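Chains, contacts and geometry: an overview
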Amino acid sequence: MGVLDFLKTQVLEVVEWTDDSRDTLSFRFPDDDKAIKRGAQLIVRESQMVQFVYLGQFGDTFGPGKHSLTTDNIPILTKLASWKYGFESPFKADVYYVVTRTFTGNKWGTSNPIMLRDEDLGVVRARAFGTYDFKIVDPRLFLKEVAGTDHHFRLDEFAETMRSRIVSTFSESLATSRVPIFDVATRHSELGESLLPLINVISKAKYGIEFTAFVVENVSVPQEVEQAIDKRSSMSAVGNLNDYVKFQMANSLTTPGGPNSVGGDIAVGMAVAQQLVQQGLLNPQAQQQPAPAQSHQPASAALAQSALDLLSPGDVANILKVSEGDVIATIESGELRAKKIGSTYRITRAALDEFFAK
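First things first, this report covers the structure right here in the doc. Residue indices begin from 1 for each chain and proceed along its sequence in written order. Selection of residues for local features in this predicted model requires a pLDDT of at least 70, selection of side-chain atom pairs for listing and counting requires 80 or more, and totals for whole chains, interfaces and linings are taken over all residues. By convention in this description, side-chain values take in all heavy atoms of the structure and omit both hydrogens and water.

**A few points about the pairing of strand β4 (residues 48-54)**
Exposure is judged per residue with a 1.4 Å probe applied to protein chains only, and the accessible area is read against the type maximum: over 50% gives exposed, under 20% gives buried, and values in between give partly exposed. Under the scheme used here, helices are H or I runs from DSSP no shorter than 4 residues and strands are E runs no shorter than 2 residues, and both carry numbers assigned from the N terminus. Of all 7 residues in β4, 6 are buried; the element is thus mostly enclosed. Any two strands with at least two DSSP bridges between them are considered paired. In sequence, β4 turns back onto strand β5 (residues 57-62) through a hairpin of 2 residues, with Leu55 there showing a positive phi of about 50 degrees.

As structure tokens, this is what we get:
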């Protein structure tokens, strides 16, 4: 073997790596202690990026394509190596291939409860889990903060390294968004999509990765918080009264099906009627019948009578002998006056009489 043939075996003329796995994130090209010759061909495939590292410092970054390694193509490396007259002789550097495709279906979860701050409930302990998709967008930052000098960094190592960091990012984003714990626990399917922009701000800046999807499959809270959520939902069902104490008082009057259930129904009805009165949609005085001069009907009795004069769309449908859907359509068209309390409409008898008179 001649000297020239020997020298050829000691330099790299082509730098290329083909990924034959589905779980590789970064791979350091095995140079076998060979130098890279001037004009060597660097081949970067789709869904790949190449990062040069020279003596522990980041050099040039290359995207997909075929690149000739000359002085013009590697200005950062030329500066780092202090090649006064340009890149003329072979050199040695670490070449990292970074995979930039999207990795899907990765799982995340809280091994221990995380602390969430809520304006209504204070600090609440919660557990959460779900899935996420991600891709690498900044090879330098990813190699520096996540993969390090690992010669073959795989997905399972990424999951182990990033588990606590993803939970921390989720918690930080949730705190920034100020989403109430009631929405976190009941609308978690929408939560991930809402938090995604906030999560990406953190993950791109810290780790060089972007989450293309972040799904919150479940959020579990302590039993006492679940009970508070159930009570809040029940209160919304009878109308948004803006006063949790009033609901608690009305709820304590009776239990469903108990002997005092009528009293409880009247109490709730009075609360709904009072809200309608405040909004000018119900006039208790108009509901009173003329009384002898010597007796005066108490305001509470008038309000109770007003509560009994409230009709649901189903009640009106029975009176008109039409479907409930027809009644709701008439309300939404403005022909029949009604007030939406919580998630359902309420119609006064006066409004129904007015409809009949049209």
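Now, onward.
**Considering the pairing of strand β7 (residues 94-99)**
Burial analysis of β7 places 5 of its 6 residues in the buried class, the great majority of the element. Relative to β7, strand β2 (residues 24-28) is paired through 3 bridges, and the arrangement is antiparallel. Of the residues in β7, the one forming a bridge with Arg28 is Tyr96. For β4 and β7, the ladder comprises 6 bridges, and the chain directions are antiparallel.

**Looking at the sheet that holds strand β11 (residues 152-154)**
Here we have 5 strands laid out as an open sheet, ordered β5-β4-β7-β2-β11, and antiparallel in their pairing. If you trace the sheet from one side to the other, it starts and ends with β5 and β11, each paired once. Looking at each pair of strands side by side, their axes are set apart by 20 degrees on average, direction ignored. We call two residues in contact when some of their heavy atoms are within 4.5 Å. Axis definition: a line fit to C-alpha positions, over the contact stretch in the case of helices; interaxial angles, taken between N-to-C directions, run 0 to 180 degrees. Contacts from helix α3 (residues 139-147) reach β2, β4, β5, β7 and β11 within the one sheet, and its direction differs from that of β5 by about 135 degrees. Strands β2 and β11 of the sheet are contacted by helix α4 (residues 155-177), whose axis makes an angle of about 70 degrees with β11.

**Considering unusual backbone geometry**
For Ser47, which is not a glycine, the phi torsion comes out positive at approximately 65 degrees. Relative to the elements of secondary structure, Ser47 occurs in the loop between β3 (35-44) and β4. The class for Ser47 is partly exposed, based on a relative accessible area of 33%. With phi around 60 degrees, Lys321 is a residue other than glycine that occupies positive phi space. Overall, the relative accessible area of 74% leaves Lys321 in the exposed class.

**Overview of the side chain of His67**
Here His67 lies in strand β6 (residues 65-68). Pairing of N or O atoms within 3.5 Å defines a polar contact, subject to two protein rules: one partner must be a possible hydrogen donor and the other a possible acceptor, and residues neighboring in sequence count only if both atoms are side-chain atoms. At 2.9 Å, the side chain of His67 and the backbone oxygen of Gly63 are in polar contact. Residues contacting His67, with those up to four places away along its chain left out, are Ala40, Gln41, Leu42, Val44 and Phe62.

**Brief notes about the environment of Phe62**
Relative to the helices and strands, Phe62 resides in strand β5. In this structure Phe62 touches Leu42, Val44, Met49, Val50, Phe52, His67, Leu69, Asn73 and Ile74, once residues within four positions along its chain are discounted.

**Re the packing of α4 against helix α6 (residues 188-207)**
The geometry of α4 relative to α6 is characterised by a closest axis approach of 9 Å and an angle of 120 degrees between their N-to-C directions. One way to sum up the angle between α4 and α6 is to call them oblique. In the packing of α4 onto α6, the handedness of the crossing is right-handed. Every residue of α6 that contacts α4 at Met162, Arg165, Thr169, Phe170, Glu172, Ser173, Leu174, Thr176 and Ser177 is listed here: Leu191, Leu195, Leu198, Ile199, Ile202, Lys206 and Tyr207. Note on residue classes: Ala, Val, Leu, Ile, Met, Phe, Trp, Tyr, Cys and Pro are nonpolar, Asp, Glu, Lys and Arg are charged, and everything else, Gly too, is polar. Split by residue class, the contact of α4 with α6 holds 9 nonpolar, 4 polar and 3 charged. Throughout this description, any angle smaller than 35 degrees is read as roughly parallel, any larger than 145 degrees as roughly antiparallel, any in the 65 to 115 degree range as roughly perpendicular, and the remainder as oblique. Handedness of a crossing is defined here by the sense of rotation of the near helix relative to the far one, left-handed for an anticlockwise turn of less than a right angle and right-handed for a clockwise turn.

**Remarks on the environment of Val53**
Examined against the element boundaries, Val53 turns out to sit in strand β4. Taking C-alpha positions, Val53 is 9.5 Å from Arg140, a pair spaced 87 residues apart along the chain. Dropping the residues within four chain positions of it, Val53 is found in contact with Phe58, Gly59, Ala93, Asp94 and Tyr96.

**Observations concerning the pattern of salt bridges**
Salt bridges are counted wherever a side-chain nitrogen of Lys or Arg sits within 4 Å of a carboxyl oxygen of Asp or Glu. The final tally for this structure, using the stated rule, is 7 salt bridges. Taking the shortest distance from any N to any O, the salt bridge between Lys204 and Glu210 comes out at 3.9 Å. Judged by its relative accessible area of 39%, Lys204 falls in the partly exposed class.

**Re the packing of aromatic side chains**
Geometry of an aromatic ring pair is reported as the spacing of the ring centres plus the angle between the planes. Whether two aromatic rings pair depends on their centres lying within 6.5 Å, for rings of Phe, Tyr and Trp, where Trp uses its six-membered ring; planes under 30 degrees apart make the pair stacked, over 60 edge-to-face, and the rest tilted. Enumeration according to the criterion identifies 13 aromatic pairs in this entry. Ring centres 4.8 Å apart and planes at 10 degrees place the aromatic pair Trp17 and Phe27 in the stacked group. With a gap of 10 residues between them, Trp17 in the loop between β1 (11-16) and β2 and Phe27 in strand β2 connect regions that are remote in the sequence. For the residue pair Trp17 and Phe27, the accessibility class agrees, reading buried in each case. A ring pair is formed by Phe134 and Phe158, whose centres lie 4.3 Å apart and whose planes are at 10 degrees; its orientation type is stacked. Within this pair, whereas Phe134 is found in strand β10 (residues 122-136), its partner Phe158 is found in helix α4, the two being separated by 24 residues in sequence. Given the relative accessible area of 0%, Phe134 is considered buried. Taking relative accessible area as the criterion, Phe158 reaches 0% and is therefore assigned buried. Taken together, the ring pairs in this structure connect Phe103, Trp108, Tyr132, Phe134, Phe158, Phe170, Phe211 and Phe214 into an aromatic cluster. Counting as a charge over the ring demands two things of the Lys NZ or Arg CZ atom: a distance within 6 Å of the ring centre and an angle within 35 degrees of the ring normal. Directly above the ring of Phe103 sits Arg101, whose terminal nitrogen or CZ lies 4.1 Å from the centroid.

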